[in-house]
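Observations on the model geometry
The chain contents come next:
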Amino acid sequence: MILHKAETLDRETLEAEQLQGLKKTVSLAYEKSPFYKEAFQNIGFSPDQIHNLADIRLLPFTEKKHLREHYPFGLFAAGREELVRIHASSGTSGKPTIVGYTKQDVENWAELTARAIAIGGGTPAGILHNAYGYGLFTGGLGLHAGGERLGMAVVPVSIGNTDRQITLIEDLQPEVICCTPSYALNIAERMLETGKNPRGTSLKFGIFGAEPWSEEMRKVLEDRLGIKACDIYGLSEVMGPGVAMECHEAQDGLHIAEDHFYAEVIDPDTLEPVPDGESGELVFTSLRKEAIPMIRYRTGDVASLTKKPCKCGRTTMRMSRIKGRIDDMLIIRGVNVFPSEIEHHLIAVPEIGPHYQLHLGRRGPLDEVTLHVEVSEEVYADITMDMEHERMIELRTRIQHLLKSSCLVSVNVQVKAPKSIPRSEGKAVRIVDARLKASEAEGIS
Ligand code: DLL
């Protein structure tokens, strides 16, 4: 096992380092970022007010809307001449969010993704099949640099052309694969479809992230691909992949790179911290970034934190798997539910596959949720393609009851033919929201 020294520091030493990083970051933001200077001045904050880590609560929050409003470079603390890389995240509306890196930022990021790959099972002697998208998305290039830094041979296959991916896996014999969990499932499905055995490849470890996935999906992926599947977390605004990584030894929460990021969990309504172990919105402050020092960034991601020791020996704080995004939380007739909770229960239904989509529509003034699932190939063959077959009707009713009793939500269920839900190569689309169009058509604003 490769343990980086920053992963096993005692808390006192770590917190002393974090405080130094926080002071430096706050001063840099104040002196070099016009956005932060104004934000600090607006609340009468000056950098010399930071005496200990708890003083972080004197600082204002940063949100995605600030990056949009100050597009493209408004938050930057580095001049163009100091930048060596730009990335962007697409988002659902308007302009992308632009982020930048200095030479040192890129170095640090490579160090963090190298650590993440090692935490997930990669070793210097191995080969890494990197099927995250290369380009503006941080997944491809972020993990590429980490793989090389660790000493692995990286196959920069990027997304798409699944048949070619399978050939490369068969021929080059990588031990580790990186991609979104939904794409890993597509690769396994395609292997089965073409008469190959997905459990029989050289792959031993999967480093899956960039989208929410459930514990049940982990079991499906581990079982179908014959690997250990671990969760990697990150976001462009804070750095990219490598902010936190689950260890393959315990597979019990993601180790946060605390020497680079200070993590908090807040109640999104009151903005107050929640106790360790309770879920809330994750907030990160960068401690070493130069191009964009990120102060108390509200990620919109819901998770909890724990400082309990992990059996792998690392002492860093762990975050739970992301439960969902605050803005993906569905409120169905007053009940809050995340798509990942629905996924968790669906995987237990043997007649359907793990792909699903939630379609949000509107009937009159009421929101309506329809869950699209796919029946498995075997059942589909049995019912001779009659989707109104009594078995289908029974299955629909059973899923409806299951979600009603386990998640307390009433949804319509559409059981569809295998492969009728669109497959993704990057992040899976779990929610299709047609409400906006419906309200425009009906003149409801
Ligand atoms: O998705 C960075 C990344 C690349 C992470 C490759 C992991 C692997 P963005 O495109 O900026 O960056 O999207 C960030 O994706 O706020 C979460 O909502 C979601 N996300 C990322 N990792 C996970 C994960 C990359 N492991 C947004 N589980 C974040 C759940 C995740 N959601």
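Residues numbered from 1 in each chain as written. Predicted model: local features only at pLDDT ≥ 70, side-chain atom pairs only at ≥ 80, totals over all residues. Heavy atoms only, no water.

Remarks on the packing of helix H4 (residues 103–119) against helix H5 (residues 138–150)
Selection rule: All axes here are fitted lines through C-alpha atoms, helices being fitted over the stretch that makes contact, and every angle between N-to-C directions spans 0 to 180 degrees. Each helix is a run of H or I in the DSSP string that is no shorter than four residues. Each strand is a run of E no shorter than two, and both are numbered from the N terminus. Angles are sorted into four bins: roughly parallel if under 35 degrees, roughly antiparallel if over 145, roughly perpendicular if 65 to 115, and oblique for all others. In what follows, a contact means two residues having at least one pair of non-hydrogen atoms within 4.5 Å. Each residue is assigned to one of three groups, with Ala, Val, Leu, Ile, Met, Phe, Trp, Tyr, Cys and Pro labelled nonpolar, Asp, Glu, Lys and Arg labelled charged, and all others, Gly among them, labelled polar.
Where H4 meets H5, the axes come as close as 7 Å, and the angle between the chain directions of the two elements is 75°. Of the possible angle classes, the one that applies to H4 and H5 is roughly perpendicular. Across the interface between the two elements, Glu 107, Trp 109, Ala 110, Glu 111, Thr 113, Ala 114, Ile 117 and Ala 118 from H4 touch Thr 138, Gly 142, Leu 143, Ala 145, Gly 146, Gly 147, Arg 149 and Leu 150 from H5. Looking at the contact of H4 with H5 residue by residue, the classes come out as 8 nonpolar, 5 polar and 3 charged.

Focus on the pairing of strand S11 (residues 280–286)
Remark: a regular strand shows side chains that alternate across the two faces of the sheet. Convention followed: Accessible area is worked out with a 1.4 Å probe on protein chains only. A residue is then buried under 20% of its type maximum, exposed over 50%, and partly exposed in between. Here, strands pair whenever DSSP counts at least two bridges between them.
Of all 7 residues that make up S11, 7 are buried, and the element is covered over most of its length. With 6 bridges joining them, strand S10 (residues 261–266) and S11 adopt antiparallel strand pairing. Across the sheet, the residue bridging to Phe 261 is Ser 286, located in S11. In terms of strand pairing, S11 meets strand S12 (residues 297–303) through 4 bridges, oriented antiparallel. When the sheet's bridge partners are listed, Gly 280 is paired in S12 with Ala 303.

Let's talk about the side chain of Thr 285
This is how the line gets drawn: Polar contacts, as used here, are pairs of N or O atoms within 3.5 Å; protein pairs need one atom able to donate a hydrogen and one able to accept it. Residues neighboring in sequence count only if both atoms are side-chain atoms.
With respect to the helices and strands, Thr 285 occurs in strand S11. Separated by 3.0 Å, the side chain of Thr 285 and the backbone nitrogen of Arg 296 make a polar contact. Not counting chain neighbours up to four residues away, the residues in contact with Thr 285 comprise Leu 22, Ile 56, His 260, Phe 261, Tyr 262, Glu 264, Met 294, Ile 295 and Arg 296.

Digging into the sheet that holds strand S15 (residues 324–325)
Spatial ordering of the open sheet is given by S10-S11-S12-S15, a layout of 4 strands whose pairing is antiparallel. Strands at the two margins of the open sheet, each flanked by one partner only, are S10 and S15.

Examining the site of the ligand
What counts here: Residues are classed as near a molecule or strand on a simple rule: at least one heavy atom within 4 Å of it. Exposure was quantified through the Shrake-Rupley algorithm and a 1.4 Å probe, taking into account, for residues, occlusion by the shown protein chains and nothing else.
Lining the immediate environment of the ligand, one finds 20 residues, of which Asp 231, Ile 232, Ser 236, Asp 301 and Lys 427 sit closest. The backbone of Ala 210 places a nitrogen or oxygen atom 3.1 Å from a nitrogen atom of the ligand. Side-chain polar atom of Asp 301 to an oxygen atom of the ligand: 2.6 Å apart, as the coordinates give it. Relative to its free-state accessible area of 600 Å², the ligand is covered by the protein chains to the extent of 93%. Elements with a contribution of two residues or more to the shell around the ligand: H5 and strand S7 (228–235). No other element matches S7, which puts 5 residues into the shell around the ligand.

Comments concerning the domain arrangement of the protein chain
Rule in force here: Delimitation of the domains relies on an automatic or database domain assignment. Using a 1.4 Å probe, buried area is obtained as the accessible area two parts lose upon being combined, added over both of them. Whenever a carboxyl oxygen of Asp or Glu lies within 4 Å of a side-chain nitrogen of Lys or Arg, that contact is scored as a salt bridge.
Segmentation of the protein chain into domains returns domain 1 (1–325) and domain 2 (329–442). The interface is formed by 23 residues belonging to domain 1 together with 17 residues belonging to domain 2. Summing both sides of the interface, domain 1 and domain 2 together bury roughly 1,700 Å²; the carbon and sulfur share of this comes to 55%. For the pair domain 1 and domain 2, the interface holds 2 salt bridges. A salt bridge links Lys 419 to Glu 193; the nearest nitrogen and oxygen atoms lie 3.1 Å apart. Inspection of the region where domain 1 meets domain 2 yields 11 residue pairs in polar contact (both at pLDDT 80 or more). Taken together, the elements giving at least two residues each to the side of domain 1 that touches domain 2 come down to helix H7 (181–193), helix H8 (215–225) and S15. Per element, the largest residue contribution to the side of domain 1 that touches domain 2 is 6 residues, and it comes from H7. In terms of residue class, the side of domain 1 that touches domain 2 is built from 9 nonpolar, 7 polar and 7 charged.

Let's talk about the side chain of Ser 236
Position of Ser 236 among the secondary structure elements: in the loop between S7 and strand S8 (240–246). Judged by relative accessible area, which is 9%, Ser 236 ranks as buried.

Re helix H1 (residues 11–32)
To keep it simple, the criterion reads: What a helix is expected to span follows from its residue count: subtract one and scale by 1.5 Å.
With 22 residues, H1 should cover 32 Å at 1.5 Å per step; its first-to-last C-alpha distance of 31 Å lies within 8% of that length. Within H1, the full set of buried residues consists of Leu 14, Gln 18, Leu 19, Gly 21, Leu 22, Thr 25, Val 26, Leu 28 and Ala 29. Buried-residue contacts for H1 involve helix H2 (34–42), S10 and S11.

Topic: the packing of H1 against H2
Interaxial distance between H1 and H2 falls to 5 Å at its minimum, and their mutual angle equals 100°. On the basis of the axis angle, H1 is roughly perpendicular to H2. Facing Val 26, Ala 29, Tyr 30 and Lys 32 of H1, the residues of H2 in contact are Pro 34, Tyr 36, Lys 37, Phe 40 and Gln 41. Partitioning the contact of H1 with H2 into residue classes produces 6 nonpolar, 1 polar and 2 charged.

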